[in-house]
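# Residue-level structure breakdown
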Amino acid sequence: MSIQTVGIIGAGTMGNGIAQAVAAAGLQAILVDISDAAVEKGLSTVASSLDRLVKKEKISEADKTAILGRISGTTDYARLRPADLIIEAATENYELKIKILKQIEAIAAPDAIIASNTSSISITKLAAQSARPEQFIGMHFFNPVPLMALVEVIRGIQTSDATNDKVVTLARALGKTPVEVKNAPGFVVNRILVPMINEAFFVLAEGTATPEAIDEAMKLGANHPIGPLALADLIGLDVCLAVMEVYLEEFGDSKYRAAPLLRELVAAGYLGRKTKRGVYQY
């Protein structure tokens, strides 16, 4: 059985980006969130993204219409029954993810694969709460999903070969490059990336350089396309903090302690681009 219909839980930045990628590949996408307003915002974001592609002449108006026609939005989990794969793309919170996964399992088809887009939480730990752990897997997309080629495919200890193979095949069908990794906190990219971002907050708090200077130095000195502080604003400071807290808990190593400045900004509600203010103002 090939995957033809994909359900996505969470219509935020990651969820609507995954829905766009799925629909652009010719598959059906069902986008679910807790309110009509959240669903509509997600669909509107996809439409705006496609408008930009039309203006850049990357796709035609007909393409845009066809892609949007393959995405449906709803607040009703029961609408996910036809899905061959359901991807949870909610906030990086273990208890919330478990709650959502239980809701998914209550209505998903018996042979449906369930995936989490978590950026740091153990796939094995999540699968242990599942009634179908062999059909559970990590499918970690990167922001912005329509543009970023990488998908980390993470096997829990319980994940079957068949589940892994189907998800790898789907990732390729979406035009992505799947990289298969073992289950570990942060997997590969975020295990390396987020502690680097956290260190940038320590450097900033110590007054070593301005935010602009830190970002410019890393862009020019490490050949990064975006500086660590600007990247933190793009990812979301709350997400960066949540990931560091997972690392500290899982590894028990003080090198993963979150920078106090990062905590302070999150406490203030300065979460980055999504709140129009983080390290920078937008």
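The structure presented is a predicted model; accordingly, all values stated were derived computationally and were not measured.

Reading guide: rules and limits
- Residues numbered from 1 in each chain as written.
- Predicted model: local features only at pLDDT ≥ 70, side-chain atom pairs only at ≥ 80, totals over all residues.
- Heavy atoms only, no water.
- Salt bridge = Lys/Arg side-chain N within 4 Å of Asp/Glu carboxyl O.
- Helix = DSSP H or I, 4+ residues; strand = E, 2+ residues; numbered from the N terminus.
- Buried < 20%, exposed > 50% of the residue type's maximum accessible area, 1.4 Å probe, protein only.
- Arc of directions from axis to C-beta.
- Contact = heavy atoms within 4.5 Å.
- UniProt positions renumbered as here; feature names shortened; annotations may be inferred.
- Phe/Tyr/Trp six-rings, centres within 6.5 Å; stacked < 30°, edge-to-face > 60°.
- Lys NZ or Arg CZ within 6 Å of the ring centre and 35° of its normal.
- Axes fitted to C-alpha atoms, helices over the stretch in contact; angles between N-to-C directions.
- Parallel < 35°, antiparallel > 145°, perpendicular 65-115°, else oblique.
- Left-handed = near helix turned anticlockwise from the far one by under 90°.
- Nonpolar A, V, L, I, M, F, W, Y, C, P; charged D, E, K, R; others polar.
- Pairing = 2+ DSSP bridges.

### Focus: the pattern of salt bridges
Applying the stated criterion to the full structure yields 7 salt bridges. In this structure, aspartate 238 engages lysine 274 in a salt bridge whose closest nitrogen and oxygen atoms are separated by 2.9 Å. Separated by 36 residues along the polypeptide, aspartate 238 in helix H10 (residues 237-251) and lysine 274 in the segment after helix H11 (260-267) bring together distant segments of the chain. A relative accessible area of 24% means that aspartate 238 is categorised as partly exposed. Among the ionic contacts, a cluster of salt bridges with common partners joins Glu88, Glu92 and Lys97.

### Considerations on unusual backbone geometry
Keep in mind that most residues, glycine aside, have a negative phi and that most peptide bonds are trans. For the bond from asparagine 143 to proline 144, the omega torsion is 0 degrees, close enough to zero to count as cis. Looking at the element boundaries, proline 144 is found in the loop between strand S6 (136-141) and strand S7 (150-155). In this structure, phenylalanine 187 takes a positive phi of about 60 degrees despite not being glycine. In this structure phenylalanine 187 comes out as buried when scored by relative accessible area, which is 5%. Phi at lysine 276 is positive, roughly 70 degrees, even though this residue is not glycine. Here lysine 276 lies in the segment after H11.

### Brief notes about H11
Within the sequence span of H11, burial applies to Leu262, Leu265 and Val266. For H11, the buried positions fall inside an angular range of 100 degrees around the axis, keeping them on one side. The exposed set on the far side of H11, more than 90 degrees from its buried face, consists of Pro260, Glu264 and Ala267. Contacts made by the buried residues of H11 are with helix H7 (189-205) and H10. Directly after H11, the chain includes glycine 269, whose backbone phi takes a positive value near 85 degrees.

### Quick word on the UniProt feature "domain: 3-hydroxyacyl-CoA dehydrogenase C-terminal" (unreviewed entry) in the protein chain
Residues given the UniProt feature "domain: 3-hydroxyacyl-CoA dehydrogenase C-terminal" (unreviewed entry) here are residues 186-282. Segment residues 186-282 splits into 61% helix and 0% strand. End C-alpha atoms: 28 Å apart.

### Focus: the UniProt feature "site: Important for catalytic activity" (unreviewed entry) in the protein chain
In the numbering used here, UniProt assigns the "site: Important for catalytic activity" (unreviewed entry) feature to His140. Along the chain, the position of histidine 140 falls in strand S6. Taking the relative accessible area as the measure of exposure, histidine 140 reaches 4% and is therefore buried. Excluding residues that lie within four positions of it along the chain, histidine 140 makes contacts with Ser116, Asn117, Thr118, Ser119, Leu150, Val151, Glu152, Ile154, Phe187 and Asn190.

### Things to note about the packing of aromatic side chains
In total, this model carries 3 aromatic pairs according to the counting rule given. Ring geometry for phenylalanine 251 and tyrosine 256: centres 5.0 Å apart, planes at 25 degrees, overall stacked. Linked through ring pairs, Tyr247, Phe251 and Tyr256 together constitute an aromatic cluster. We note lysine 125 situated over the ring of tyrosine 94; from NZ or CZ to the ring centre the distance is 4.6 Å. Against the face of tyrosine 270 rests arginine 277, its NZ or CZ located 4.1 Å from the ring centre.

### Structural notes on the packing of helix H2 (residues 36-55) against helix H3 (residues 61-69)
The relative placement of two packed helices is expressed as an angle between their axes plus a distance between the axes. The geometry of H2 relative to H3 is characterised by a closest axis approach of 9 Å and an angle of 160 degrees between their N-to-C directions. When the interaxial angle is binned, H2 and H3 end up roughly antiparallel. In the packing of H2 onto H3, the handedness of the crossing is right-handed. The residues of H3 that touch H2, namely those facing Val46, Ala47, Leu50, Asp51 and Val54, are Glu61, Lys64, Ile67 and Leu68. Tallied by class, the residues present in the contact of H2 with H3 amount to 6 nonpolar, no polar and 3 charged.

### Overview of the sheet that holds strand S2 (residues 28-32)
The mixed open sheet is built from 8 strands, whose spatial order is S3-S2-S1-S4-S5-S6-S7-S8. Looking at the sheet topology across the chains shown, the edges are occupied by strand S3 (71-74) and strand S8 (177-182). Between one strand axis and the next, the sheet turns through 25 degrees on average, direction left out of account. Note that strand S4 (residues 85-88) and strand S5 (residues 113-116) share 4 bridges and pair parallel. For isoleucine 86, the partnering residue across the bridge sits in S5 and is isoleucine 114. Here helix H4 (residues 94-107) sits on the sheet and contacts strand S1 (5-9), S4, S5 and S6; the angle it forms with S4, its principal contact strand, is near 160 degrees. Where helix H6 (residues 161-173) meets the sheet, its contacts fall on S1, S4, S5, S6, S7 and S8, and the angle it forms with S6 comes to roughly 25 degrees.

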